[in-house]
Amino acid sequence: MTSRWMAAALLAAAAPAGAQDLRTRIESAPDGIVRMSYAAKEGVCGNGRNNISTHRRGAKWRDGWEDDCDEGPVRVAMEISGKRVYEIRTYVGGRWRSVDGRVTDLGMVGAPAAAAYFLALAERTDRVKGDAILPAILADSAEVWRDLLRIARNDRVAREPRKNAVFWLSQEASDAATAGLAELAEDDDEDREVRKQAVFALSQLDGDQGVPALIRVARTNKDPEVRKSAIFWLGQSEDPRALALFEEILATKR
């Protein structure tokens, strides 16, 4: 067993307990703003205001100018009332400043624990303004795609968090997660908007990973809106297999 594997296993085991401790600290805070900071994963940067990139690529110009894109930390501010989180604002870079009113600053917290906390928050409530999944995506040392698949598949979770989970799966997907997206898009019992978001996510995978699944959806899905969405995104792919499918569909209508 390698030391890297052991470290990853220990992090995975510690995250749920850490997330519970973080939840206790947040819910114990007085009404007002609770804020925290934690390490951003590699490639994440931001301008401290309204721009976050998950793949560092600041704009550069021939005259030598380059825009600012700070490599973390992730900073999250939450509006709390009656032990409930009502709003989340996420930043990367920048700095906290003193503000009037009730502010509880938790300081630097563990990134895996923060990711686990926000994923659990997204799964248990739909009354939070802002994306509760985004701060989990940005966290260092947190593998979240399995949690995202679970949220996307859970029909007891509100539609918006499920759609957000599917979107972020398209950014985070590995080969293992790709299969889960395809199953979600092809499941006729799922919510239509969630399936359409899964179709979009498949269209955003690198290379041609999502094309075979999109073709299956276009051929066999029982919902015409979902089939139409799959055909649209196949049309954007310029993949020769998509052209063959279009020829097949049009030929049957003659």
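Residues numbered from 1 in each chain as written. Predicted model: local features only at pLDDT ≥ 70, side-chain atom pairs only at ≥ 80, totals over all residues. Heavy atoms only, no water.

Caption draft 1: Main features of the environment of Asp131. Note that Asp131 resides in the loop between α2 (111-124) and α3 (134-137). You can call Asp131 partly exposed: its relative accessible area is 22%. Sequence separation between Asp131 and Pro161 is 30 residues, and the spatial gap between their C-alpha atoms is 7.7 Å. Leaving out residues up to four positions away in the same chain, Asp131 has contacts with Ile88, Asn164 and Trp168. A polar contact is formed between the side chain of Asp131 and the backbone nitrogen of Ile133, at a distance of 2.8 Å. There is a polar contact of 3.4 Å between the side chain of Asp131 and the backbone nitrogen of Leu134. (Helix = DSSP H or I, 4+ residues; strand = E, 2+ residues; numbered from the N terminus. Buried < 20%, exposed > 50% of the residue type's maximum accessible area, 1.4 Å probe, protein only. Contact = heavy atoms within 4.5 Å. Polar contact = N/O pair within 3.5 Å; in protein donor to acceptor, adjacent residues only side chain to side chain.)

Caption draft 2: Structural view of the sheet that holds strand β5 (residues 84-92). Overall, mixed pairing links the four strands, which are arranged β5-β4-β1-β6 in an open sheet. With one partner strand each, in any of the chains shown, β5 and β6 (103-108) form the two edges of the open sheet. The mean angle between the axes of side-by-side strands here comes to 15 degrees, regardless of whether they run parallel or antiparallel. The pairing of strand β1 (residues 32-38) with strand β4 (residues 74-81) spans seven bridges and is classified as antiparallel. (Pairing = 2+ DSSP bridges. Axes fitted to C-alpha atoms, helices over the stretch in contact; angles between N-to-C directions.)

Caption draft 3: Structural view of the pattern of salt bridges. Summed over the entire model, instances satisfying the criterion amount to 16 salt bridges. Residues Arg146 and Glu143 are paired through a salt bridge, measuring 2.4 Å at the closest nitrogen-oxygen approach. Of the two residues, Arg146 and Glu143, neither departs from the other in class, the shared state being exposed. Notably, a salt bridge pairs Arg150 with Asp147, separated by 3.0 Å at the nearest N-O pair. Remark: Asp147 and Arg150 occur in helix α4 (residues 145-153); sequence separation between them is three residues, near one turn of the helix. For Arg150, a relative accessible area of 39% translates into the label partly exposed. (Salt bridge = Lys/Arg side-chain N within 4 Å of Asp/Glu carboxyl O.)

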